[in-house]
Amino acid sequence: MNMASTMQVPAKVQNLSAIRRFVQEKVIALGGDRKVVDDMLQAVEEAAANIVVHGYRGQPGDIEVEVSLEKDGLTVRLRDRAALFDPTRVPPPDLTRPLEERRLGGLGIHLARHFTDSMTIA
């Protein structure tokens with residue numbers, strides 16, 4: 001059984017809240033508990049922001065968001081036509097180092113990994 005809902009929005013920072021609301025509504029409707037909803041929202045928001053900022057880099061484009069309940073669990077897919085960026089290849093930040101000694105970036109991807117069971121790029 002695959003129940004899916006989709007939306008498409010222009011890939012702009014101001015549309016991240018619309019993506020967040022859509023995912024929240026659909027995950028709740030599919031029976032996700034509060035922890036699942038919160039974790040999913042964190043991961044989706046980070047991934048969508050990466051598409052906007054690092055993928056499209058201010059160029060026009062769209063993000064399609066699909067929320068589905070599949071036999072193996074809840075899935076959120078973000079589809080875009082931006083330049084390929086594979087966040088799964090970004091090394092985790094060294095959280096033991098003082099903030100001023102850490103490299104910039106990567107914390108959002110680290111959080112998305114933390115809040116999901118798996119992330120794939122295709």
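Structure: see above.
Below, the structure is looked at part by part. (Residues numbered from 1 in each chain as written. Predicted model: local features only at pLDDT ≥ 70, side-chain atom pairs only at ≥ 80, totals over all residues. Heavy atoms only, no water.)

### Structural notes on the pattern of salt bridges
A pair can form between side chains of opposite charge whenever their charged atoms are brought close.
1) Next: This structure, assessed with the given rule, holds seven salt bridges.
2) Next: Across the pair Asp38 and Arg34 runs a salt bridge whose closest N-O atoms are separated by 3.0 Å. Separated by four residues within a single helix, Asp38 and Arg34 lie in helix α2 (residues 34-56), roughly one turn from each other.
3) Next: On the basis of relative accessibility, which here comes to 35%, the residue Asp38 falls in the partly exposed class.
4) Next: Residue classification places Arg34 among the partly exposed residues on the basis of a relative accessible area of 49%.
5) Next: Put simply, Asp39 and Lys35 hold a salt bridge, and the shortest N to O gap is 2.7 Å. Placement of the pair is Asp39 and Lys35 together in helix α2, with a separation of four residues, close to one helical turn.
6) Next: On the basis of relative accessible area, Lys35 is assigned to the exposed category, the value being 54%. (Salt bridge = Lys/Arg side-chain N within 4 Å of Asp/Glu carboxyl O. Helix = DSSP H or I, 4+ residues; strand = E, 2+ residues; numbered from the N terminus. Buried < 20%, exposed > 50% of the residue type's maximum accessible area, 1.4 Å probe, protein only.)

### Looking at the sheet that holds strand β3 (residues 73-80)
1) Next: The antiparallel open sheet is built from three strands, whose spatial order is β1-β2-β3. The open sheet is flanked by β1 (3-10) and β3, the only strands paired with a single partner. Adjacent strand axes in the sheet meet at a mean angle of 15 degrees when their direction is disregarded.
2) Next: Across eight bridges, the pairing between β1 and strand β2 (residues 62-70) is antiparallel. Bridge pairing links Val9 to Ile63 in β2.
3) Next: Relative to β2, helix α1 (residues 16-29) is tilted by about 10 degrees, and along the sheet it contacts β1, β2 and β3.
4) Next: Here α2 sits on the sheet in contact with β2 and β3, set at roughly 15 degrees to β3. (Pairing = 2+ DSSP bridges. Axes fitted to C-alpha atoms, helices over the stretch in contact; angles between N-to-C directions. Contact = heavy atoms within 4.5 Å.)

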